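Close look at the chain arrangement
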Amino acid sequence: MSLHVFDNTEMNQYKEEVREKWGQTKAYQEYEEKAKGGMDYQEAADQMMSLFAEIGKLCDLSPDHEKVQEKIRELQNFITEHYYNCTDEIFRDLGKMYVDDERFKKNIDAYGGEGTAEFVWCAIENAFING
């Protein structure tokens, strides 16, 4: 099942924003290398949104619950495998972006259910408080 997270216009806008913000970072350069290696961006985005949907099904649990934290680690590992080395610092920044950027929040909540983006951010933060 293809979720097609963003349309091409949005995708191009996001790519330009990312390039402007993080284009000089090691993580961005690593992402560019993976993209050159034939990474299917849409497939990776669909898989990532499926992960958010799985996490959304756990929203009735506490963010520090073992099952939730397992999915949060899976999310961080997925980002590392498909995009760039998702350090703890980067992961925390991403979690914050998931709730602060309305576009990300809207897309994450569309696949995981209302409140999923906030739950993911809380679970990421909890991983660092308790981890």
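The structure reproduced in this document is the subject of the present report. Quantities reported herein were computed from a predicted structural model and do not represent experimental measurements.

One pass over the full model with this rule turns up four aromatic pairs. Each ring, one from Phe52 and one from Tyr98, has its centre 5.3 Å from the other, and the planes form 90 degrees; the classification is edge-to-face. On the criterion of sequence distance, the pair formed by Phe52 in helix α3 (residues 41-56) and Tyr98 in helix α5 (residues 88-100) is long-range, its members being 46 residues apart. Neither residue differs from the other here; Phe52 and Tyr98 are each classed as buried. Members of the aromatic cluster, each reached through a chain of ring pairs, are Phe52, Tyr98 and Phe104.

Right, let's get into the packing of helix α4 (residues 66-82) against α5. Relative to each other, α4 and α5 sit at 105 degrees, their axes nearing to 11 Å. As the angle between them shows, α4 and α5 are arranged roughly perpendicular. Here Ile72, Leu75, Gln76 and Ile79 of α4 come into contact with α5, specifically with Asp88, Phe91, Leu94 and Tyr98. Taken together, the residues of the contact of α4 with α5 sort by class into six nonpolar, one polar and one charged.

Calculation rules
- Residues numbered from 1 in each chain as written.
- Predicted model: local features only at pLDDT ≥ 70, side-chain atom pairs only at ≥ 80, totals over all residues.
- Heavy atoms only, no water.
- Phe/Tyr/Trp six-rings, centres within 6.5 Å; stacked < 30°, edge-to-face > 60°.
- Helix = DSSP H or I, 4+ residues; strand = E, 2+ residues; numbered from the N terminus.
- Buried < 20%, exposed > 50% of the residue type's maximum accessible area, 1.4 Å probe, protein only.
- Axes fitted to C-alpha atoms, helices over the stretch in contact; angles between N-to-C directions.
- Parallel < 35°, antiparallel > 145°, perpendicular 65-115°, else oblique.
- Contact = heavy atoms within 4.5 Å.
- Nonpolar A, V, L, I, M, F, W, Y, C, P; charged D, E, K, R; others polar.

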